[in-house]
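Per-entry structural report
Listed here are the chains, written in short residue letters.
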Amino acid sequence: MSTLHLIPLLPFIVAIFIPFLYKRFRSVHTGWFLLPVPLIIFLFMLQYLPFSGDPFQEVMYTFEWVPSLDIAYTVYVDGLSLLFALLISGIGILVVLYSIYYIANKKDEPLNNFYVYLMMFMGAMLGVVLSDNLIVLYVFWELTSLSSALLIGYWFHKEKSRYGAQKSMLITVTGGFAMLAGFTLLYLMTGTFSIRGIIEVADQIAANPYFLPAMLLILAGAFTKSAQFPFHIWLPDAMEAPTPVSAYLHSATMVKAGIYLVARLTPLFGGQQEWFWIVTGFGLFTLLWGSVSAVRQKDLKGILAFSTVSQLGLIMSLLGMGSAAFHYGLDGGQSLYTVAVLAAVFHLFNHATFKGSLFMVVEIIDHETGTRDIRKLGGLMAIMPVTFTISVIGIASMAGLPPFNGFLSKELFFEGALNAATVDAFSGQALMMIFPVIAWIASVFTFVYSAMMLFKTFTGEHKPDQLPKHAHEAPIGMLISPAVLASMVIFFGLFPNLLAYTIIEPAMQAILPGLTAPGEQFYINIYHWHGINAELLMTLGVVFIGAAIFLNIQKLERTAFYAGERDLFNWFYDNGLKGLISGAQKVDGIQMTGKLRHYFMYMFTFLILVLGYALITTGSITIDFSQTAAISPYLFLIVAATTLATVAIPFVSKRIPAIVLLGVVGFLVALLFVVLRAPDLALTQLLVETVMVVLLLLVFYHLPELKKESFKPAFKLTNLVISIGVGTVVTLVALSAHAFSTANPVSPISDYFVENAYALAGGQNIVNVILVDFRGLDTLLEVLVLGIVGLAVVVLIKYKASGGDGV
């Protein structure tokens, strides 16, 4: 295992020690112990940056995990994964630092839980972007869903936190299941889970009937994760999480996981018109929907949430437009479509910087004033000058104003949309004409909500009577992280080409491999002034129209559009979930009667119907006694005794004799195993039976005597029919199986275990090898279930002991 393998695992390893550090060093903030983790990862990943400007050298290491299932822990670094790894670790440094001051005065906060979840999330995100194996990627993918839900629900005593955590979990995990199905289809087509391996045979599987379903299923996973319309509704409710979480998960990392997946699989699906239209269409609509919805928000975090939805749509649409480069090529030079990919990569980086700083600034405002409601805020420019300065930089970049980095990527976005409208890609030029229109309208609304954030918070009349706290500037510790991000917004706005061949071009090569000749690179030169052209005129239009709307915002605020803050798609989610729960309860009410005999009736009836149908329709019922062994008199005696003991049980009216008779049946079965020369089974049966009889005697000794129950004849007749049916079907299955093996001699499965138990697993006890190795995963999950049940019991007992309601 290489050092690179340890990068995603390092946060998980450190997370194990957090509870001990938190308990042992209560006087030291736990965050200080964790700050080196993202720092080490960031410094380690920096070594892969091509500072010389030469073509990127890809790195891949493989550690075999489950070779028989083609599952390997393969870590792969190319331009795309490096960009994300640097964002995850770099933003992670600032978020951990910010969180130290953010939670500094909250002594009653369970910091150990917070940082365990945060480290879990960091490791999972690194695993997603560095994994080359789809199954490993999926495991890390779902870990991001789990850890993010735990972080969103960190303040679990708040109903909104629980609601937001549940919603994000349900939507993203459902998408994850769809994505797993898509991965499975890819495996069926290619015979490998390796992303590299699948991309190499992309041309051979494009006509496969599984290709389109796989694409749609994978996109479902990507869209849910990256909050694309209509799956975006989980993101605004996820804002109930602590602000460091919002700044980390919802601006720079988790919501970009879907973007990463689309970019990673563009070499596989790019060039297909379905991919082009779906990714571009959903992206553009999400961009427009998010920007319009952001204008309706009154909470600063709500504005940023819908702003994030909008910006994610922007990046997604650019990746969709750029994917057409695989179909049309570079037409002798830089393709019209590669500009879109360039804009996507550049804006991915820019969005992380300005949105991360804005999330932190919003929490500073909340921290120092007691509210995030823009209707109560105002006049904070003089009171919080540093916060105001950072906000101006971040908001101006978000609005796409020069000289900040957001302006540059927005201009490239306009260029990409205009390029798409000038060509007849996939015979849809008429439809593509609206691409720049949507881009421009969404940018106008982006300018409007950016202006609302800035002017309603920092200018106008100060309203101290409406603030829960006396407003003042934040402590220096909380300002460091957003100030660093704001500095990056300025720095990379003034010197964007520092990223050109270190970050952007290698990422483009990863998204659009094979389009350039070996050793050649995409040409990248980003600059502010490119003359008076369509992009500049569109920007001027955004500023003038956006300013006009904002100056008349009071008229907008009196409309029903502004009053309705909540996204209407929440109605479908809420009522859909209620209907699902109600329907499940009704179905459960039919079968879950609380009576064991009913459950057995359902199971046995199902058994009779399924096996009976299979035996009859396949003509498998065959009886052949030609090669049966002789039955010794002992067997007749044991079977007769077992039958008598079994029949006697229902007629016993006391518990203890019933348990004894039950034990007799068990011990006779053990004796049967002895006669049939299966000593290991006999020994196991004896041990289990002895323990069970003793336990049952101890437990049932204290219970009241059995009461004689009376049943209607119809009930007894039903039970009789089911009992005869089960006996008949099982007997027929056994006889038919014997007849089949007689007619078609096959090697028993036990031969495989005899031959391979030592060779493959190194064990001489075959039963142990089967339990621990051959069906080790099954055993592991059984142990996991028992562990979860045990934890649940402990929690319920502790809850009851602490004075909670009845368990």
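Residues numbered from 1 in each chain as written. Predicted model: local features only at pLDDT ≥ 70, side-chain atom pairs only at ≥ 80, totals over all residues. Heavy atoms only, no water.

As annotated in an unreviewed UniProt entry, the protein chain is Na(+) H(+) antiporter subunit A from Salisediminibacterium beveridgei. Annotation of the protein chain in UniProt includes, under Sequence similarities (unreviewed entry), the sentence "Belongs to the CPA3 antiporters (TC 2.A.63) subunit A family." (UniProt positions renumbered as here; feature names shortened; annotations may be inferred.)

Moving on to the overall build of the protein chain. Within the protein chain, the secondary structure is distributed over 35 helices and 2 strands. Relative to its full complement of 807 residues, the protein chain shows a buried share of 49%. Residue pairs in contact within the protein chain that sit at least 24 positions apart in sequence constitute 78% of those at least 6 positions apart. Accessible area of the protein chain: about 38,200 Å², with a carbon and sulfur share of 70%. (Helix = DSSP H or I, 4+ residues; strand = E, 2+ residues; numbered from the N terminus. Buried < 20%, exposed > 50% of the residue type's maximum accessible area, 1.4 Å probe, protein only. Contact = heavy atoms within 4.5 Å. Areas by Shrake-Rupley, 256 points an atom, 1.4 Å probe, with all protein chains shown as cover.)

A few words now on the pattern of salt bridges. Evaluation of the coordinates by the stated rule reveals 11 salt bridges. One salt bridge connects Arg196 with Asp132, and the closest N-O pair in it is separated by 3.6 Å. Remark: Asp132 occurs in the loop between α5 (111–130) and α6 (134–152) and Arg196 occurs in helix α8 (residues 195–200); sequence separation between them is 64 residues. Its salt-bridge partner being Glu411, residue Lys410 comes within 3.9 Å of it at the nearest N-O pair. Pair check on accessibility: Lys410 and Glu411 agree, each one buried. The structure contains a network of salt bridges with shared partners spanning Lys167, Asp237 and Arg566. (Salt bridge = Lys/Arg side-chain N within 4 Å of Asp/Glu carboxyl O.)

This part takes up the packing of helix α18 (residues 385–399) against helix α22 (residues 476–494). Any two packed helices are characterised by the angle at which their axes cross and by the distance between the axes. Orientation of α18 relative to α22, taken along the N-to-C sense of each, is 40°, at an axis distance of 9 Å. On the basis of the axis angle, α18 is oblique to α22. For the crossing formed where α18 meets α22, the hand is left-handed. Side by side, α18 and α22 meet where Val386, Thr387, Ile390, Ile393 and Ser397 of the first sit next to Leu479, Pro482, Ala483, Ala486, Val489 and Ile490 of the second. Residues belonging to the contact of α18 with α22 are distributed by class as follows: 9 nonpolar, 2 polar and no charged. (Axes fitted to C-alpha atoms, helices over the stretch in contact; angles between N-to-C directions. Parallel < 35°, antiparallel > 145°, perpendicular 65-115°, else oblique. Left-handed = near helix turned anticlockwise from the far one by under 90°. Nonpolar A, V, L, I, M, F, W, Y, C, P; charged D, E, K, R; others polar.)

Moving on, we get to unusual backbone geometry. The omega torsion across Phe229 and Pro230 is 0°, close enough to zero to call that bond cis. At the junction of Pro402 and Pro403, the peptide bond is cis and its omega measures out at 5° in the coordinates. With respect to the secondary-structure elements, Pro403 resides in the loop between α18 and α19 (405–422). Positive phi values are uncommon outside glycine, yet Asp70 reaches one of about 60°. Mapped onto the elements, Asp70 comes out in the loop between β1 (59–66) and β2 (71–77). Given a relative accessible area of 28%, Asp70 falls into the partly exposed group. The phi dihedral of Arg677 falls on the positive side, at around 65°, and the residue is not glycine. For Arg677, the position within the fold is in the loop between α30 (655–675) and α31 (679–700). Exposure remark for Arg677: the relative accessible area of 76% places this residue in the exposed category.

With that settled, the discussion passes to helix α28 (residues 596–617). Owing to its 3.6 residues per turn, the α-helix aligns residues three or four sequence positions apart on the same side. Under the 1.5 Å per step criterion, the end-to-end length of α28 is 32 Å for 22 residues, consistent within 8% with the ideal 32 Å. All of the buried residues along α28 are His598, Met601, Gly612 and Leu615. Projected down its long axis, α28 shows its buried positions confined to an angular sector of 135°, all on one face. Those residues of α28 that are exposed and aimed more than 90 degrees away from the buried face are Leu596 and Phe606. Each element contacted by the buried residues of α28 is listed here: α32 (713–743). A positive backbone phi angle near 60° is found at Gly619, which sits one or two residues after α28. (Expected span 1.5 Å × (residues − 1). Arc of directions from axis to C-beta.)

According to the stated counting rule, one finds 35 aromatic pairs in the structure shown. Aromatic pair Tyr154 and Trp155: ring centres 5.9 Å apart, planes at 50°, arrangement tilted. For Trp155, a relative accessible area of 12% corresponds to the buried category. For the ring pair Phe229 and Trp289, a centre distance of 5.1 Å and an interplane angle of 50° mean the geometry is tilted. With Phe229 in the loop between α10 (211–225) and α11 (234–237) and Trp289 in helix α14 (residues 273–295), this residue pair connects regions lying 60 residues apart in the sequence. Taking the relative accessible area as the measure of exposure, Phe229 reaches 14% and is therefore buried. Sitting over the face of the ring of Phe25, Arg24 holds its NZ or CZ atom 5.3 Å from the ring centroid. (Phe/Tyr/Trp six-rings, centres within 6.5 Å; stacked < 30°, edge-to-face > 60°. Lys NZ or Arg CZ within 6 Å of the ring centre and 35° of its normal.)

All right, on to the environment of Gly313 then. Secondary-structure assignment places Gly313 in helix α15 (residues 300–322). Since its relative accessible area comes to 0%, Gly313 is described here as buried. Through-space distance from the C-alpha of Gly313 to that of His250 is 14 Å; in sequence the pair is 63 residues apart. In this view, Gly313 contacts Gln228, Gly283, Leu284, Thr286 and Leu287; residues no more than four positions away in its chain are not counted.

Looking now at the pairing of β1. Note: β1 against β2, 7 bridges, orientation antiparallel. Paired with Tyr61 across the bridge in β2 is Val75. Linking two consecutive strands that pair antiparallel, namely β1 and β2, is a turn of 4 residues; a positive phi of about 60° is found at Asp70 within it. (Pairing = 2+ DSSP bridges.)

Before going further, it helps to examine a nonpolar patch on the surface. Nonpolar side chains collect at one region of the surface, where Leu683, Leu687, Val688, Val691, Met692, Val694, Leu695, Leu698, Val699 and Leu703 lie side by side and expose about 910 Å² of accessible area between them. Within the secondary structure, Val691 is located in helix α31. (Patch = residues over 30% accessible without salt bridge, like charges linked within 9 Å, V, L, I, M, F, W, Y side chains within 5 Å.)

Attention now goes to the environment of Gly477. Among the secondary structure elements, Gly477 is positioned in helix α22. Judged by relative accessible area, Gly477 falls into the buried class, the value being 2%. Taking the C-alpha atoms as reference, Gly477 lies 53 Å from Asp203; in sequence the two are 274 residues apart.

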